[in-house]
Amino acid sequence: MKPLLNPKQRYLFKRIFPFGAIWLILSWFILLIESMATEYQNQRPETDITLSWDILIFASLAVFLMGTVMGAVEVLWLDKRFKNKSFWKKILYKMGFYLLFILIINLVTFPLAASIELGTSILDTEVWQKFSKYVASITFLSTFTSLSFSIFLSLLYSDINEYLGHTFMINLITGKYHTPKEESRIFMFLDMKSSTSFAEQLGHELYFKFLRDYYDQLSNAIIEHTGEVYQYIGDEIVITWELQKGIENQNCLLCFYAMRKSLQQKSIYFEETYGVVPSFRAGLHMGKVTTGEIGALKKEIFYTGDVLNVTARIQKLCKPMEQEIIVSEKLVSLWKFSDIEFVPLGNMELEGRQEPMELYTPKNKV
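Residues numbered from 1 in each chain as written. Predicted model: local features only at pLDDT ≥ 70, side-chain atom pairs only at ≥ 80, totals over all residues. Heavy atoms only, no water.

## Brief notes about unusual backbone geometry
With glycine set apart, most residues show a phi of negative sign, and most peptide bonds adopt trans.
Working step 1: With a phi angle near 55°, Ser194 is a residue other than glycine that sits in the positive phi range.
Working step 2: Counting through the fold element by element, Ser194 comes out in the loop between β1 (181–192) and α7 (195–202).
Working step 3: Residue Ser194 is classed as partly exposed on the basis of its relative accessible area of 43%.
Working step 4: Despite not being glycine, Asn249 has its phi angle at roughly 55°, a positive value.
Working step 5: Mapping Asn249 onto the fold places it in the loop between α9 (243–247) and α10 (251–265).
Working step 6: With relative accessibility at 58%, the residue Asn249 sits in the exposed group. (Helix = DSSP H or I, 4+ residues; strand = E, 2+ residues; numbered from the N terminus. Buried < 20%, exposed > 50% of the residue type's maximum accessible area, 1.4 Å probe, protein only.)

Here's what the structure looks like:
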């Protein structure tokens, strides 16, 4: 059965949905505190909406929808507009935009809630009398303050998520790897060609911008093929897949070719901006790793296992063997019955390993 969402849509959903959830949970918490403080009585009926199940359901849906819309705007548009701003500047600028947006939404949803409470049309004068009193009341200020806090918390989550990585955040919150686990994973070590000469040619400041553009250009292909970025190490990137996700639909292989295609499509931009066009080589291998949280001063999800060292060694053979991509026999064996053809490169000795390994490169390049 075909999934309802493709990998990129699932990725976006996982990034946007938490905004709605944060807003909903926070609104329930604030409502509970206010209700306990007033002993569950509406002490300002002339401005406040009297709580009922209908009102609670409407308000919950409205708050969740507002949070989700904010998340969509943030992920799909606004975050890119302030990408090059510092952390706190991004927070402040976005706060101003969203506060104006939320003010408009709040002024629209209150008359709707009032009409539900009063059991009358939204055009009724009684609804608008209550609305005018609400705008001039402490209730409006309180609502606006709680919404501001919701916006701030959402933006803080968004930026921390961007710095740490979505998968890391989810795993950390759920405690998935609090206790180390053994799992089978595929790793790809991707190394840029001629990076040393590029760095000398561009200088360290321009080279940094070049690297940032390079990695940005690879990101969509990684998302679309269900990969996870494990580490950026200078000009090298380590990508990983859970075993089943990596071999399904040939994701880990097709990711390589999708990244290459993405760079080729952007070649004119790189040539005009930096005077050089990046390309890369990659090594692919799979095996058992122990995965867990590690670090006292800074937490990370960490992988340990021979597979990482072997993958790094495979990648280093790409240059002397004049190959763009080399795949281990262990990984190739998982595609026995697929339409992929592999060319054997021989039984190669890897640095630090006693036993040689059979290596391959894909024949039917995509």
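## A few points about the pattern of salt bridges
Working step 1: Evaluation of the coordinates by the stated rule reveals six salt bridges.
Working step 2: A salt bridge links Glu183 to Arg185, with the nearest nitrogen and oxygen atoms 2.8 Å apart. Across the pair, exposure class does not vary: Glu183 and Arg185 are buried alike.
Working step 3: Glu324 serves as the salt-bridge partner of Arg260, at 2.6 Å between the closest nitrogen and oxygen. One end of the pair, Arg260, is in helix α10; the other, Glu324, is in the loop between α12 (306–316) and β6 (325–328), with 64 residues separating them in the sequence.
Working step 4: Several salt bridges share partner residues, and in doing so they unite Glu183, Arg185 and Glu228 into one network. (Salt bridge = Lys/Arg side-chain N within 4 Å of Asp/Glu carboxyl O.)

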